[in-house]
Amino acid sequence: MIRADSRPNSSASLHAAEPLLRVTGLCKQFVQRRNFSRQQFSVNAFEDVNLQLFRGRTLALVGESGAGKSTLAHCIALLERPSEGTIALDGTDLLALDTKGLFPIRRRIQLIFQDPASALNPQLTACEIIAEPLAIQNVSTKKERHERALQLMDQVGLEPAAAQKQPFEFSGGQRQRLAIARALALEPDVLILDESLSALDALNRDLILQLLADLQAVRSLAYLYVSHDLRLVSQFADEVVVMYQGRIVEQKKTRELFARPAHFHTRELLATVHSVESILLERSA
Amino acid sequence: MRYFARRLAHAVLLLLGISVFSFALLQLAPGDFFSSLQLNPQISSRTVEALRSQYGLDKPLPVRYGSWLHSVLKGDLGTSFAYNSPVAPLLALRARNTLLLTGTATLLAWLLAIPLGIWSAAHRGEWGDRVGGVMTSTLLIVPELVLFLALLLLAVRTGWFPTGGMISAEFNDLNFWSKVKDLANHLLLPSLGLALATLPPLVRHIRSAMIEVLDSPFIRAARAHGIAEGRVLLRYALPVAANPLISLFGFSIATMLSAGLLVEVILSWPGIGPLLVDAILAKDTYIVVGTVMLSSVFLVAGNFFADMLLFAADPRIRME
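Everything numeric in this text was worked out from a predicted model, so none of it was measured.

Participant: Honestly, the overall build of chain B in this entry has me stumped. Any pointers?
Facilitator: Within chain B, the regular secondary structure consists of 13 helices and two strands. Along the longest, intermediate and shortest principal axes, the C-alpha atoms of chain B span 85 × 55 × 40 Å. Looking at chain B residue by residue over its 320 residues, the buried ones come to 32%. Counting only contacts in chain B whose residues sit at least 6 apart along the sequence, the fraction spanning at least 24 positions is 71%.

Listed below in structure tokens is the structure:
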């Protein structure tokens, strides 16, 4: 298992480089109108979010349910439009681009969802699912896409013999591998994992964590890992951002956060991990 | 294959059950076809009795049911008292007309409902969708009877459409294309009425099925890959949303048949509707049973067809 503190690159050299993705002053407001009246009310999913993602590093986004993590992830994946702020990839402001301008950018940022069962088109075969983003982006010929899909299946540890199976014939862990293969097909720079491991059992989770770590080492992918599970975060992330009620309340290196949590919400989150651990220790004793 | 065999066996049992039930129900109604003859002082009660025994009405119910089943196997479905001829050929002609009407209406309803449903799902919450919602709700609460009478009024007032029947009087003298045009002209109003009567639930179901699929993560994933909106709707969402819609197709046939009877009577379409109404009033038992059975066969066949479509469309059903 890879631990955050066993990673190469010391944290000092980390921030010297230019960030791959820089999010500044990002806000998302949902405005709703009541039926039969002009009264409007708005909900802030998150406000004034500043983040930096670096090549080959993992940034974790933690917080309780409803803290705005997933909405933020979807905004960064360009699935929803933020109300304010900028998202810059290699210095290009993505929110200034129109649909056509965004099209070539989309392949560089990919998202992996929490529930792999609903994230895969139930009507396609495994091979078609992986080749689908390539087809959408008009990359190479059909035959080449098929071959690429088979390679990717092999890479994420799926038998190429299963290429013609449909999603419902795979187990949960296999489906998540399929989703990862699909996200990798476009060779993205940024991979957003939206609670992507929480629907899996412990063994599959560890295997997929290992797979993600290996992929990161080979392709120097930047991960944005959205989770409420601090235990996984401690194994996986270089840096942690804590969100509370739509705001970032703490942002530190993983080790430092675990050693010296400043915000009371971080301490609360850490306390739950510790209480689970103490229960497990008591049981084993 | 076993799936179909099981479905077929279900269908046969269901039809048998319906026939027993409708026989028993008709028995519960007082009097029979010849009761009205008894009121005529010129006809002796002996003559009426002779007629009853000629048509087997003096025998107990199970015996009559048995001989009816026998006639079903022979293919004539019993004898009509009023027409004094086997029921099957009488029904066949009417059934053809009803099939023409309901088939056209089904096609029309789905051709309207699918684009409308997809469009309002894609524009959910916008004013167009809201207007559509109000329109389908309005159509839903207007009783079919009122809708058909309004169409009849339209035909009478404007003179744009024939007010009834299936063909014009001079139909036989027309050439082929004029015949088609004449038939289409007569068909338009009843099939439009029938389509409008079945449309609202179809549009609503298609809309909600599409919305459910459009919200699912795999569509979001496709959007993250940069897919075009039209392709999302037609290539990704619609095939996945099709499953519940195929079952809905089976159900829509039931609505179609019941509304069909009404539209046939009001706009005098020579289908099984007017035949059934006359037969019920005259207590022409075997025509009633035959018509009920025919409607049931249409319904069962429609659902069987929907099941087969579902079987072809969804690999998960094939695996069972």
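Participant: Explanation requested: the nonpolar core in the structure shown.
Facilitator: By size, the foremost hydrophobic cluster in this structure holds 135 residues, and its most contacted members are Ala60, Leu61, Ile130, Ala181, Leu224 and Tyr225 of chain A. When residues in this core are grouped by element, the largest group, 14 residues, is from helix 8 (residues 176-214) of chain B. Counting contributing residues per domain, this core is built from domain 1 (4-108 + 188-255) and domain 2 (119-187) of chain A, each supplying no fewer than three. Every residue in contact with Ala181 of chain A, bar those within four places of it in the chain, is listed here: Ile130, Leu152, Met153, Val156 and Leu158 of chain A.

Participant: Could you clarify how one ought to interpret unusual backbone geometry in this entry?
Facilitator: Residues other than glycine predominantly adopt negative phi, and peptide bonds predominantly adopt the trans conformation. Residues and elements named next belong to chain A. Phi angles above zero are rare outside glycine, and Asp48 is one such case at about 50°. Take Asp48: it is sitting in strand 2 (residues 40-53). By C-beta crowding, Asp48 is classed as partly exposed, having 14 other C-beta atoms within 10 Å. One non-glycine residue with positive phi stands out, namely Glu195, at about 55°. Locating Glu195 in the fold gives a position in the loop between strand 7 (190-194) and helix 8 (202-219).

Participant: What am I meant to see in the sheet that holds strand 1 (residues 21-33) of chain A here?
Facilitator: Residues and elements named next belong to chain A. Spatially, four strands are ordered 2-1-4-5 in an open sheet, and the strand pairing comes out antiparallel. Edge strands, defined here as strands with exactly one partner in the open sheet, are strand 2 and strand 5 (92-93). Pairing of strand 1 with strand 2 involves ten bridges; the strand directions are antiparallel. Across the sheet, Arg33 pairs through a bridge with Gln40, a residue of strand 2.

Participant: Is there a simple way to think about the sheet that holds strand 3 (residues 58-62) of chain A in this case?
Facilitator: All names here are of chain A. The strand order 6-7-8-3-9-10 describes an open sheet built from six strands, whose pairing is mixed. The open sheet has two edge strands with one neighbour each: strand 6 (109-112) and strand 10 (247-253). Between one strand and the next, the sheet's axes are offset by a mean angle of 20°, whatever the strand orientation. Sheet topology note: the strand 3/strand 8 (residues 222-227) ladder contains five bridges and is parallel. When the sheet's bridge partners are listed, Thr58 is paired in strand 8 with Tyr223.

Participant: Can you walk me through the interface of chain B and chain A in this structure?
Facilitator: When the parts of a complex come together, some accessible area is lost, and that lost area is often used as the size of the interface. Opposite the 16 residues of chain B that make contact, chain A presents 21 residues. For the side of chain B that touches chain A, the elements supplying multiple residues, two or more each, are helix 9 (217-224), helix 10 (229-266) and helix 13 (315-319) of chain B. For the side of chain B that touches chain A, a count of residues per class yields ten nonpolar, three polar and three charged.

Participant: Looking at this model, I keep getting lost on the packing of helix 9 of chain B against helix 10 of chain B. Mind explaining?
Facilitator: Working note: a packed helix pair is described by the angle between its axes plus the distance between those axes. Residues and elements named next belong to chain B. Their axes nearest at 11 Å, the elements helix 9 and helix 10 cross at an angle of 140°. Taken together, the axes of helix 9 and helix 10 lie oblique to each other. In the packing of helix 9 onto helix 10, the handedness of the crossing is right-handed. Every residue of helix 10 that contacts helix 9 at Ile219, Ala222 and Arg223 is listed here: Val232, Tyr236 and Ala237.

Participant: What should I look at first to understand the domain arrangement of chain A in this one?
Facilitator: Residues and elements named next belong to chain A. One can read the domain layout of chain A as domain 1 (4-108 + 188-255) and domain 2 (119-187). The C-alpha-based centres of domain 1 and domain 2 are spaced at 24 Å. Top contributing element to the side of domain 1 that touches domain 2 by residue count: helix 8, with four residues. When the residues that make up the side of domain 1 that touches domain 2 are grouped by side-chain class, the tally is seven nonpolar, two polar and one charged.

Participant: How should the confidence of the model for chain A be read in this particular structure?
Facilitator: Caution is warranted with low-pLDDT regions, since their predicted coordinates should not be read in detail. Residue and element names in this part refer to chain A. Of the residues in chain A, 92% have a pLDDT of 70 or more, and the chain-wide mean is 84. Across chain A, strand 3 holds the top mean pLDDT of 93, while helix 1 (residues 11-14) sits lowest at 44. Note on residues 1-14: pLDDT is under 50 here. Beyond four places in sequence and across chains, it has 18 contacts.

Participant: Mind showing me how you'd approach the environment of Leu78 of chain A here?
Facilitator: Relative to the elements of secondary structure, Leu78 of chain A occurs in the loop between helix 2 (69-76) and strand 4 (84-89). When the 21 C-beta atoms within 10 Å are taken as the criterion, Leu78 of chain A is described as buried. Sequence separation between Leu78 of chain A and Tyr244 of chain A is 166 residues; the distance between their C-alpha atoms is 22 Å. Excluding its chain neighbours within four sequence positions, the residues that come into contact with Leu78 of chain A are Leu94, Leu102, Arg106 and Ile109 of chain A together with Ala224 of chain B.

Participant: I would appreciate a short explanation of the confidence of the model for chain B in the present structure.
Facilitator: With 98% of its residues at a pLDDT of 70 or more, chain B shows a mean pLDDT of 84. Of all helices and strands in chain B, the one with the weakest mean pLDDT is helix 13 of chain B (65), whereas helix 6 (residues 127-141) of chain B scores best (90).

Participant: What is the right way to read helix 1 (residues 2-28) of chain B from this model?
Facilitator: An α-helix turns once every 3.6 residues. As a result, residues three or four positions apart point the same way. Between the first and last C-alpha of helix 1 of chain B there are 39 Å, a value that for 27 residues agrees with the 39 Å anticipated at 1.5 Å per step. Little of helix 1 of chain B is tucked away, with one of its 27 residues classed as buried.

Participant: Explain the packing of helix 6 of chain B against helix 8 of chain B to me, please; I cannot follow it from the model alone.
Facilitator: Residues and elements named next belong to chain B. The geometry of helix 6 relative to helix 8 is characterised by a closest axis approach of 9 Å and an angle of 135° between their N-to-C directions. By the angle between their axes, helix 6 is oblique relative to helix 8. Between helix 6 and helix 8 lies a crossing whose hand is left-handed. Contacts between helix 6 and helix 8 involve Thr136, Leu139 and Leu140 from the first element and Leu196, Leu199, Pro200, Val203 and Arg204 from the second.

About the cut-offs
- Residues numbered from 1 in each chain as written.
- Chains lettered and ligands numbered in written order.
- Predicted model: local features only at pLDDT ≥ 70, side-chain atom pairs only at ≥ 80, totals over all residues.
- Helix = DSSP H or I, 4+ residues; strand = E, 2+ residues; numbered from the N terminus.
- Buried ≥ 20, exposed ≤ 12 C-beta atoms within 10 Å, placed from the backbone.
- Contact = placed C-beta atoms within 7 Å.
- Core = buried A, V, L, I, M, F, W, Y, C linked by C-beta atoms within 7 Å.
- Domains from an automatic or database assignment.
- Pairing = 2+ DSSP bridges.
- Axes fitted to C-alpha atoms, helices over the stretch in contact; angles between N-to-C directions.
- Nonpolar A, V, L, I, M, F, W, Y, C, P; charged D, E, K, R; others polar.
- Parallel < 35°, antiparallel > 145°, perpendicular 65-115°, else oblique.
- Left-handed = near helix turned anticlockwise from the far one by under 90°.
- pLDDT = per-residue confidence, 0-100.
- Expected span 1.5 Å × (residues − 1).

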